[in-house]
Amino acid sequence: MKRFRRHGQESQRERIKQELYGFNKTVEHGFPHQPSALGFSPGLQLLAIGTRSGAIKLYGGPGVEFMGLHDENAAVTQVHFLPHQVELVTLLDDNSLHMWTLRAHHGVSELLEIGRFTLTGPPGAPPSVTRVTAVLAHSSGDLLLLGTEGGHVFIVKVPGFRELEERNISLEKVTNSVPEEYGGRRSLEHVESLQENPVNPRQVLIGYGRGLMVIWDLDSQSAQLESVWWTEDGGHVLSSHSDGSYCRWKVAGDDPQSEQEKSEVPYGHFPCKAISKIIQLPTEQGPPFLFLSGGMPRASYGDRHCISVIHSKTHVALDFTSRIIDFFVIRDGPDHTGEPSALVVLVEEELVVIDLQTEGWPVIQTPYLVPLHCSAITCSHHVSAIPLKLWERVLSAGTLQNTHYSKKPWPMTGGQNLAPDPPQRDLLLTGHEDGTVRFWDASGVCLYPMYKLSTAGVFLTDSDPNDNLNQGTEGEWPPFRKVGCFDPYSDDPRLGIQKIHLCKYSGYLTVAGTAGQILVLELNDEAAEQTVEATVADLLQGQEGFRWKGHTRLEVREEPVTFPPGFQPFALVQCQPPAVVTALTLHSEWKLVTFGTSHGFGLYDYQQKNNVLVRCTLNPSDQLAMEGPLSRVKSIKKSLRQSFRRIRRSRVSLRKHHLQQANARLEAELAEMELAPVQRKIEPRSPDDSFTGLVRTLYFADTFLSDSSHNTPSLWAGTNGGSVFAYQLRLPPVERRGEDPVTAHPAKEIQLMHRAPVVGILVLDGHGSPLPEPLEVAHDLARSPDMQGSHSLLVISEEQFKVFTLPKVSSKMKLKLTAIDGSRVRRVGVAWFGSTRTDDYGESGLTVLTNQGDLHVVSLPGVKLQVQYPCIRREDVSGIASCVFTNSFMPSIFLTCRFSLSARCVVEPRSLVEVSSETPSTTQPRALPDGASVERSSARRVMEHALLNDESEYLRNHQTTLTELNICASDPCGD
């Protein structure tokens, strides 16, 4: 009977788990890592980006996103939308072609792979014969023209990928149609570009690497040279070359002598780099727009990444900070053939959109694909359920910073965003190496920039805040103009932000940096001029034999500084030595902030602007922490000695460990009952290990320390050596808070047996619930904690979760992690999991990320493992180290991935792309020919791909070769 009752309880618990927990990889924020290809559909208003890791991402209007992943571990080199269709073709660097479609399913569209194809040449032919170098999606919507490295052009019927051998354009056909003075005995080299005549789709312009251009008639299967002109309204042909020049070819009649070719070098007669792409578009009135990628003077500006925009007398060289992948131009009108409205540029680290219809050509702020890593990310902090008043004030301060952006709306509007409105307002704060803190709207699918805070103005640095990088020097040639926000360089690495803590109820913010600086800031709607004075916190407390070899502290400006509206600093603490701040916590109700470094921790009263407590945790035998970070090289020998000692200790206990395992298995067989898993023997860490005094976590709690009848404010600190320090705080009455001092008295000290680093501390009330955040009860957003029953202290180390009773601090229960599966805790957070069945039920739990990249949910207060999910590759050390828990939100370094651990709360893109009635629909599955396989790719598979290494760039030969050509629909000279 007991067995049946226990089985029923387990089944009920499993049902509750399914209602509470659910692991979902939902959406990626930020800019894709290593983009390699760009495509755009004017009809669908969709942007496509391919990456080196084989991912394909589609973006329309804000919130409209699709993701797919190729099975092949190869880079996407080209992306082409089929005209008037919802399909696109991708070319990978393994020479395979893939067909994708947007198919409606349960009211939303999904990106699916429906076919793949690889060109096959005749038996014995070299690979260059079928190596695809250029792709043209014909305007008919059912033909693909594939130019190859061998100079051939293959014509393929889509979407079935059926090669039309009788219509292929072989190199022999072209050579036989070209007069000897054009072709001669020289090889035409690879097909560099394919362009369709905009007024005659039967004619295709083929550009070869040697520099020859051939106009091919698809019907008559004949070639025409440059001297054979198109009809009068056929416009001009432009070609760009590897010596930095471009040519105009007029094709407006039958007389080959009507107009000679025009060749120009935009940036002088000195050797220039190749113009890799050229576009010329007409305007209704006035001269056309000309867009050139590259072409800079090789000796002086060969390292610049530029796109030149020329219109009438305006000539600007847009200077980007990373390599240009591709660009295109969006045009007005229902058929997208009107005035050029926006220039869209994909560079290696960001997407930049230029407004071409506003004076000065300002940048349009992107609602997605914003590079979080515009300056290297050093930390992150997530705050959920932001009050409306604070949200509006932050948004207002950010609006004042964005006056340099264009007022025009986002030009790409494809698809419909069907995702429901976010249930709450969430903020993501990222700290950066240049001393800035950026605020992001993380409520929904799009991660939108709201506000940027800079701390550099408080200190004396080499940078000049009045520098305007967006404007070039008057009269400078080339006329450079810096665009984009990606800036990987920092004027002073000491400015880097290491810790952030924001109180959403009071509006107070504290940030800590690399050089031991801690700033306390408050939100102000008006600009203010003030001086920030530093309070020094000497963490050594007279420690002898210390010699700091690290960086010096930042010098504070003595003169008043004008701070714009937003968060403004009013208090500054400077740690001595100026080591990296490793822990930071703010309690805005008590007006206190606590901080820790590798040398100790301190408590600061930011209302009275004085230190309350300074405690040194430095181990005198820890020479690495004693001498600072520059002496790490000297400690290699010591680290090796410690490692060999651990190995010897492990070998001694190995036989005993195996014997214990065998005895445990034997007892299990004899007793025929389920036992706990065999636990590994964990060797205790030596107290002489390096950085044992490093402070890992700090925690405020109103709980019972001295006796079980009087609760008092307290401060808890956990170190890298497994030590926990508790201090009892005495706060003066509210009416005397500004005059009477805050005092701190040592109360408890705990030393974990294995000396494992303490990564988290939590106090549970009489009901076993975590204590609410400061001011949360005062704002009626949480119930008051139970102060009648006994409180518990939960200490989370890298190896286990251990619960102690308060105030006696006796061990109550524990959950071992390292001893069971060998993993170690890297990040931990507290979350509330609501049931999908009813709104009245939910449970608190610990969310845990291990060094293996696994996610665990541990119940409270019973500290039992509930669920476990594989999340991040264990090789992705940076992703694991930068995890942030708040409603299962987890950023990584370059691209922020959002994961949901709750079965109720899931934020994911829900989009629909519809085709107009006059456009032929091709979303139904089709029969594919032999040799073409079908594979569907789920959008969520893109989350699981591994990042590839950088691929080497293709080196062109030194000859003057054709690099890009474009066909204009009207006279480029404005005649």
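Only a predicted model underlies this, so the values are computations on that prediction, with no experimental measurement involved.

Student: Provide a residue-level description of the environment of Asp-355, including the pertinent values.
Tutor: With respect to the secondary-structure elements, Asp-355 resides in strand E27 (residues 351-355). Given the relative accessible area of 0%, Asp-355 is considered buried. Here Asp-355 is in contact with Ser-341, Trp-361, Pro-362, Ile-364, Ser-406 and Lys-408, once residues within four sequence places are set aside. Polar side-chain contacts of Asp-355 include one of 2.8 Å to the side chain of Ser-406.

Student: Tell me about the packing of aromatic side chains, and please be specific about residues and values.
Tutor: Per the counting criterion, the structure on display carries 18 aromatic pairs. Centre to centre, the rings of Phe-40 and Phe-328 are 4.4 Å apart; their planes meet at 10 degrees, and the pair counts as stacked. Of the two residues, Phe-40 sits in strand E2 (residues 35-41) while Phe-328 sits in strand E25 (residues 324-331), which places them 288 residues apart along the sequence. The same class applies to Phe-40 as to Phe-328, namely buried.

Student: Talk me through the confidence of the model for the protein chain; I want residue IDs and the actual numbers.
Tutor: Summing up the model confidence of the protein chain, the mean pLDDT is 81 and the portion of residues at 70 or higher is 77%. When the elements of the protein chain are averaged for pLDDT, strand E58 (residues 889-890) gives the smallest value, 37, and strand E43 (residues 592-596) the largest, 98. Across residues 224-233, where pLDDT falls below 50, the model places 41 contacts with residues more than four positions away in sequence or in other chains. A low-confidence stretch, residues 465-470 (pLDDT under 50), is modelled with three contacts involving residues beyond four sequence positions or located in other chains.

Student: Give me the lowdown on the sheet that holds strand E10 (residues 132-137), citing residues and values where you can.
Tutor: Strand pairing in a sheet is mediated by backbone hydrogen bonds. Such pairs are either parallel or antiparallel. Taken together, the four strands give an open sheet; going across it, the order is E10-E11-E12-E13, and neighbouring strands pair in antiparallel fashion. Bordering the open sheet on either side are E10 and strand E13 (162-163), each of which pairs with just one other strand. Relative to E13, strand E12 (residues 153-157) runs antiparallel, the two being bridged by two bridges. Residue pairing across strands places Lys-157 opposite Arg-162, the latter belonging to E13.

Student: Break down the pairing of strand E46 (residues 695-704) for me, with residues and values.
Tutor: Burial analysis of E46 places eight of its ten residues in the buried class, the great majority of the element. Here E46 pairs with strand E47 (residues 711-719) via nine bridges, running antiparallel. Pairing of Phe-704 across the sheet is with Asn-711, part of E47. Connecting the antiparallel pair E46 and E47 is a turn made up of six residues.

Student: Quick one: what's the story with unusual backbone geometry, residue by residue and with numbers?
Tutor: The residue after Gln-576, namely Pro-577, is reached through a cis peptide bond having omega 0 degrees. A positive phi is found at Asn-95, a non-glycine position, where the angle reads about 75 degrees. In this fold, Asn-95 is placed in the loop between strand E7 (87-92) and strand E8 (96-105). Residue class for Asn-95 comes out buried when judged on its relative accessible area of 8%. Of note in this structure, Val-809 is not a glycine but carries a positive phi near 55 degrees. By the element assignment, Val-809 lies in the loop between strand E52 (800-805) and strand E53 (811-816).

Student: Describe in detail the sheet that holds strand E33 (residues 448-454), supporting the description with residues and values.
Tutor: With antiparallel pairing, the four strands of this open sheet are ordered in space as E29-E31-E32-E33. Both edges of this open sheet fall to strand E29 (377-383) and E33, since each of them pairs with a single strand only. Each strand axis lies, on average, 20 degrees off the axis of its neighbour in the sheet, ignoring direction. Relative to strand E31 (residues 427-432), E29 runs antiparallel, the two sharing six bridges. Each residue of the ladder has a partner; that of Val-383, found in E31, is Leu-427. Lying on the sheet, helix H5 (residues 388-401) is in contact with E31, strand E32 (436-441) and E33; it crosses E33 at an angle near 80 degrees.

Student: Can you lay out the environment of Ser-588 for me, pointing to particular residues and giving the numbers?
Tutor: With respect to the helices, strands and loops of the structure, Ser-588 is situated in the loop between strand E42 (583-587) and E43. The sequence separation of Ser-588 and Gly-507 amounts to 81 residues, and the corresponding C-alpha distance is 8.8 Å. Of the polar contacts made by the side chain of Ser-588, one reaches the side chain of Ser-506; its length is 3.3 Å.

Student: Tell me about the side chain of Ser-723, and please be specific about residues and values.
Tutor: Relative to the helices and strands, Ser-723 resides in strand E48 (residues 723-730). Engagement of the side chain of Ser-723 in a polar contact is seen with the side chain of Gln-751, the distance being 2.6 Å.

Student: I'd like a description of the pattern of salt bridges, backed by residues and values.
Tutor: Within this structure, the stated rule accounts for 19 salt bridges. Of the charged contacts in the structure, one is a salt bridge between Arg-557 and Glu-559, with a shortest N-O distance of 3.5 Å. The exposure class assigned to Glu-559 is partly exposed, which follows from its relative accessible area of 39%. Between Glu-798 and Arg-696 there is a salt bridge, and its shortest N-O distance comes to 3.6 Å. In this pair, Glu-798 is assigned in the loop between strand E51 (792-797) and E52 and Arg-696 in strand E46, connecting sequence segments 102 residues apart. Judged by its relative accessible area of 7%, Glu-798 falls in the buried class.

Student: Could you give an account of H5, with specific residues and numbers?
Tutor: Over its 14 residues, H5 runs 20 Å from end to end, which matches the ideal 20 Å to within 8%, given 1.5 Å per residue. Elements that come into contact with the buried residues of H5 comprise E31, E32, E33, strand E37 (517-524) and strand E41 (566-576).

About the cut-offs
- As a convention, each chain's residues are numbered from 1 in the sequence order in which they are written.
- Where totals are concerned, whole chains, interfaces and linings use all residues; where local detail is concerned, this predicted model gives features only for residues with pLDDT of at least 70, and gives and counts side-chain atom pairs only at 80 or more.
- Side-chain metrics rest on all non-hydrogen atoms present in the structure, leaving aside hydrogens and water.
- Counting from the N terminus, the helices are DSSP H or I runs at least four residues long and the strands are E runs at least two residues long.
- Remark: exposure states derive from per-residue accessible area (1.4 Å probe, protein chains only) relative to the maximum for the residue type, with buried under 20%, exposed over 50%, and partly exposed in between.
- We call two residues in contact whenever any of their non-hydrogen atoms come within 4.5 Å of each other.
- Any pair of nitrogen or oxygen atoms within 3.5 Å is treated as a polar contact; in protein, a donor-acceptor pairing is required on top of that, and neighbouring residues in sequence qualify only through side-chain atoms on both sides.
- Ring pairs are drawn from Phe, Tyr and Trp, using the six-membered ring of Trp, whenever the two centres fall within 6.5 Å, and their geometry is named by plane angle: stacked under 30 degrees, edge-to-face over 60, tilted for the rest.
- pLDDT gives the predictor's per-residue confidence on a scale running from 0 to 100.
- Being paired, for any two strands, means DSSP has found at least two bridges between them.
- Fitted lines through C-alpha atoms serve as axes, helices being fitted only where they are in contact, and the angles separating the N-to-C directions of these axes extend from 0 to 180 degrees.
- By definition here, a salt bridge exists when the distance from a side-chain nitrogen of Lys or Arg to a carboxyl oxygen of Asp or Glu is within 4 Å.
- By this rule, a helix spans an expected 1.5 Å times one less than how many residues it contains.

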